[in-house]
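Commentary on secondary and tertiary structure
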Amino acid sequence: MQAFFERLGIIGELLQFLWERKLYWLIPMILILIVFGILIVLGSNPTTGSFIYTFF
């Protein structure tokens, strides 16, 4: 499990911190925030923005 977290960089460090402290209930919330962040970044690009808007 340690090698998996090391390959993810900063996100891996955050997940490792949550895993060690047994804060499993925070992992889905952080993953949803990461997905929304990616959608915001992709939606701000005019090329990919039109494809993102079709999802909603």
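Everything discussed here concerns the structure shown above.
Okay, so let's go over this structure. (Residues numbered from 1 in each chain as written. Predicted model: local features only at pLDDT ≥ 70, side-chain atom pairs only at ≥ 80, totals over all residues. Heavy atoms only, no water.)

What to know about the overall build of the protein
Of the regular secondary structure elements, the protein holds four helices and zero strands. For the protein, the succession of helices and strands along the chain, N to C, is α-α-α-α. Taking all 56 residues of the protein together, the buried fraction comes to 18%. Just so you have it, the protein exposes about 4,700 Å², and 75% of that area is on carbon and sulfur atoms. (Helix = DSSP H or I, 4+ residues; strand = E, 2+ residues; numbered from the N terminus. Buried < 20%, exposed > 50% of the residue type's maximum accessible area, 1.4 Å probe, protein only. Areas by Shrake-Rupley, 256 points an atom, 1.4 Å probe, with all protein chains shown as cover.)

Notes on the packing of helix H2 (residues 10-20) against helix H3 (residues 26-44)
Between H2 and H3, the least distance of the axes is 10 Å, while the angle of their chain directions is 160 degrees. Between H2 and H3, the angle is such that the two are roughly antiparallel. Crossing of H2 against H3: the hand is right-handed. On H3, the residues that touch Ile11, Leu14, Leu15, Leu18 and Trp19 of H2 are Leu26, Ile27, Ile30 and Ile34. Its residues placed into classes, the contact of H2 with H3 shows nine nonpolar, no polar and no charged. (Axes fitted to C-alpha atoms, helices over the stretch in contact; angles between N-to-C directions. Parallel < 35°, antiparallel > 145°, perpendicular 65-115°, else oblique. Left-handed = near helix turned anticlockwise from the far one by under 90°. Contact = heavy atoms within 4.5 Å. Nonpolar A, V, L, I, M, F, W, Y, C, P; charged D, E, K, R; others polar.)

Topic: the packing of aromatic side chains
Here the structure, examined in full by the defined rule, presents one aromatic pair. A ring pair is formed by Trp19 and Tyr24, whose centres lie 5.0 Å apart and whose planes are at 75 degrees; its orientation type is edge-to-face. (Phe/Tyr/Trp six-rings, centres within 6.5 Å; stacked < 30°, edge-to-face > 60°.)

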